[in-house]
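Understanding the architecture of this molecule
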Amino acid sequence: MASLHDFVNLDLSDTTEKIIAEYIWVGGSGMDMRSKARTLPGPVTDPSELPKWNYDGSSTNQAPGDDSEVILYPRAIFKDPFRKGNNILVICDSYTPAGEPIPTNKRAKAAEIFSNPDVEAEEPWFGIEQEYTLLTMSKWPLGWPENGYPGPQGPYYCGNGADKAFGRDIVDAHYKACLYAGINISGINGEVMPGQWEFQVGPSVGISAGDEVWAARYILEVINHLFVTLPTVYICVILGDWNGAGAHTNYSTKSMRGDGGIDVINAAIEKLEARHTEHIAAYGEGNERRLTGNHETASINQFTWGVANRGASVRIGRDTEKQGKGYFEDRRPASNMDPYVVTSMIAETTILPAA
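The following paragraphs examine the structure supplied in this document. Residue indices begin from 1 for each chain and proceed along its sequence in written order. pLDDT decides what is reported in this predicted model: residues at 70 or higher carry local features, side-chain atom pairs at 80 or more are listed and counted, and totals for whole chains, interfaces and linings draw on all residues regardless. In computing side-chain values, all of the structure's heavy atoms are included and hydrogens and water are not.

For the protein, the helix and strand inventory stands at 10 helices and 13 strands. At 21 Å, the protein has a C-alpha radius of gyration in line with the 20 Å of a compact globule built from 355 residues. When a residue's accessible area, from a 1.4 Å probe over protein chains only, is under 20% of the maximum for its type it is buried; when over 50% it is exposed; and in between it is partly exposed. The buried share among the 355 residues of the protein stands at 51%. Taking contacts inside the protein between residues at least 6 apart in sequence as the whole, the part at least 24 apart equals 65%. Taken as a whole, the protein presents about 16600 Å² of accessible surface, with 51% of it coming from carbon and sulfur. Charge assignment in this entry is limited to Lys and Arg as positive and Asp and Glu as negative, and neither His nor the chain termini are counted. Note that the charge is assigned to NZ on lysines, CZ on arginines, CG on aspartates and CD on glutamates. Charge-centre separation for the protein: the mean point of 30 positive side chains lies 2 Å from the mean point of 46 negative side chains. Working definition: helices are DSSP H or I runs of at least four residues, strands are E runs of at least two. Numbering for both runs from the N terminus. Atoms counted for the radius of gyration: C-alpha only. Globule rule: 2.2 Å times the number of residues to the power 0.38. What makes two residues a contact is simply this: any of their non-hydrogen atoms within 4.5 Å. The Shrake-Rupley method, run with a 1.4 Å probe sphere, supplies the accessible areas, and residue values consider only the shown protein chains as cover.

Okay, structure coming up:
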């Protein structure tokens, strides 16, 4: 007798050339991810080969009911780690029927910035450290006593053992699924608060950094569905003496990576300082609860930078200081930031002339 497992793992290549494409987009909140699947006649390797599609924007808070059609433009393809075979995940962005990006489409503006010749010439690299918290279905951190609290922070960061690394099997499943998909995921680690984890995407060039982070977030949602748990990028799940969740963004340009790059880095940091208020406004909702000056953060109201200083807004690593070139880390972005917004804004501020 066949089991559900047998049907979920059917190998379609035995009987058909057709594939399943899961179209994925960002919903009306700017953080919820929506998706739906369609059948295609055969394998696809480039987004330009994919048809546009549409959805009911009135059901995602992205269009009124009397004019609800929103058009999906395929932008990036990843292998589907769930259906496997030639099946794919497709990162899309959303447009009106007239071809105008809808307000929640942050990718469109980012693509404009990254396609600027001056930005392209600098080959901006990004490494994004996405922190998140695993929750039970009752929305309490995984591994915490029900309606209670674990021991204080200290042993959990990069910790091991059933009493420290809550949800390691979920995290490892996500790690491998991202590698299978072709996402440039570079590592994982347990974070400071118990039940809190991090994965890193990059180094990725330009717009691909945002595509890969959104694809990794989607895969994390599906993995947790299978484990009947909830991942959240909410900044402060628990109030009190617990670390909030961030999305530290590591950044370099071709000039920063070359000889004398430290001077370019210092000039870029000065430009970031001059636009601190604008960046903070775009770096995630509720970030004031995290950027308090405590728990390895700088105050949201003051821009600071330093070498190896995790209590600063921007950190330069020891290796970069020693070599006189390399990258720096913007520690201000929150875990719920939009990677298209953050990466393109950093590139715009540091490479293009001030408006």
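With that settled, the discussion passes to empty space enclosed by the protein. The gaps of empty space that remain are located by a probe, the size of a water molecule, rolled over the atoms. Using only the protein atoms, space was sampled on a 1 Å grid; points where a 1.4 Å probe fits but cannot get out form cavities, open sets with protein on both sides within 12 Å along at least five of seven lines form pockets, and lining residues are those with an atom within 4 Å of a point. Grid points are joined across faces, edges and corners, and a volume is the space filled by probe spheres set on the points. As enumerated under the stated definition, the model contains two cavities of 30 Å³ or more in all. If you add up the space inside the largest cavity, you get close to 130 Å³. Forming the walls of the largest cavity are 17 residues, and the residues nearest its centre are Trp-25, Val-26, Cys-92, Asp-93 and Tyr-340. Of all the secondary-structure elements, those providing two or more residues to the lining of the largest cavity are β1 (19–26) and β5 (88–95). The element that contributes the greatest number of residues to the lining of the largest cavity is β5, accounting for four residues.

This part takes up the layout of surface pockets. One number sums up the size of the largest pocket: a volume of about 590 Å³. The wall of the largest pocket is formed by 24 residues, among which Ser-29, Gly-30, Met-31, Asp-32 and Asn-336 lie closest to the centre. Listing elements by their share of the lining of the largest pocket, those giving two or more residues are α5 (208–227) and β9 (230–232). At four residues, the largest contribution of residues to the lining of the largest pocket is made by α5. Residues are sorted three ways: Asp, Glu, Lys and Arg are charged, Ala, Val, Leu, Ile, Met, Phe, Trp, Tyr, Cys and Pro are nonpolar, and all the rest, Gly among them, are polar. Looking at the lining of the largest pocket residue by residue, the classes come out as 11 nonpolar, seven polar and six charged.

Time to look at the side chain of Asn-105. Mapped onto the fold, Asn-105 is located in the loop between β5 and α2 (107–114). A distance of 3.0 Å separates a polar atom in the side chain of Asn-105 from the backbone oxygen of Ser-94. Sequence-distant contacts of Asn-105, that is, excluding residues within four places in its chain, are made with Asp-93, Ser-94 and Tyr-95. Polar contact is the term for a pair of N or O atoms within 3.5 Å; when the atoms are in protein, one must be able to donate a hydrogen and the other to accept it, and sequence-neighboring residues count only if both atoms are side-chain atoms.

All right, on to the pattern of salt bridges then. Any carboxyl oxygen of Asp or Glu within 4 Å of a side-chain nitrogen of Lys or Arg constitutes a salt bridge here. Counting across every chain of the model gives 16 salt bridges. The closest approach of N and O atoms between Arg-83 and Glu-22, which form a salt bridge, is 2.8 Å. Within this pair, whereas Arg-83 is found in the loop between β4 (69–79) and β5, its partner Glu-22 is found in strand β1, the two being separated by 61 residues in sequence. A relative accessible area of 33% places Arg-83 in the partly exposed class. The buried category is assigned to Glu-22, whose relative accessible area is 8%. In this structure, Asp-330 engages Arg-332 in a salt bridge whose closest nitrogen and oxygen atoms are separated by 2.9 Å. Linked by salt bridges that have partners in common, Glu-22, Asp-80 and Arg-83 make up one network.

It is worth spelling out the packing of aromatic side chains at this point. Between two aromatic rings, the relevant description is the distance of the centres plus the angle of the planes. Centre distance within 6.5 Å is the pairing criterion for rings of Phe, Tyr and Trp, where only the six-membered ring of Trp is used; planes under 30 degrees apart are then read as stacked, over 60 as edge-to-face, and the remainder as tilted. A complete count under the given rule lists 11 aromatic pairs for this structure. Arranged with centres 5.8 Å apart and planes meeting at 85°, the rings of Trp-140 and Trp-144 form a pair that is edge-to-face. Of the two residues, Trp-140 and Trp-144, both sit in the buried class. Here Arg-217 stacks its cationic end above the ring of Trp-214, 4.7 Å away from the centre of that ring. Only when the NZ of Lys or the CZ of Arg is both within 6 Å of the ring centre and within 35 degrees of the ring normal is a charge said to sit over the ring. Geometry around Trp-125 places Arg-257 over its ring, the cationic atom sitting 3.7 Å from the centre.

Further remarks concern the sheet that holds β5. Across a sheet, strands are paired by hydrogen bonds formed along the backbone, either parallel or antiparallel in direction. Strands were regarded as paired on the criterion that DSSP finds at least two bridges between them. The sheet built from five strands is open, its strands ordered β2-β1-β5-β4-β3 with mixed pairing. Looking at which strands have only one partner, the edges of the open sheet turn out to be β2 (33–40) and β3 (53–56). The sheet shows a mean angle of 40° between the axes of neighbouring strands, taken without regard to direction. Relative to β5, β1 is paired through four bridges, and the arrangement is parallel. In the strand pairing of β5, Glu-22 is matched with Leu-89. Angles here are taken between N-to-C directions and fall from 0 to 180 degrees, while the axes themselves are lines fitted to C-alpha atoms, restricted in helices to the stretch in contact.

What follows covers the nonpolar core. Only buried residues count toward a nonpolar core, which is a set of Ala, Val, Leu, Ile, Met, Phe, Trp, Tyr and Cys residues joined through side-chain atoms within 4.5 Å. Formed by 56 residues in total, the largest nonpolar core has its most connected members in Phe-78, Ile-91, Tyr-132, Ile-183, Ile-219, Tyr-251 and Phe-328. The element that contributes the greatest number of residues to this core is α5, accounting for 10 residues.

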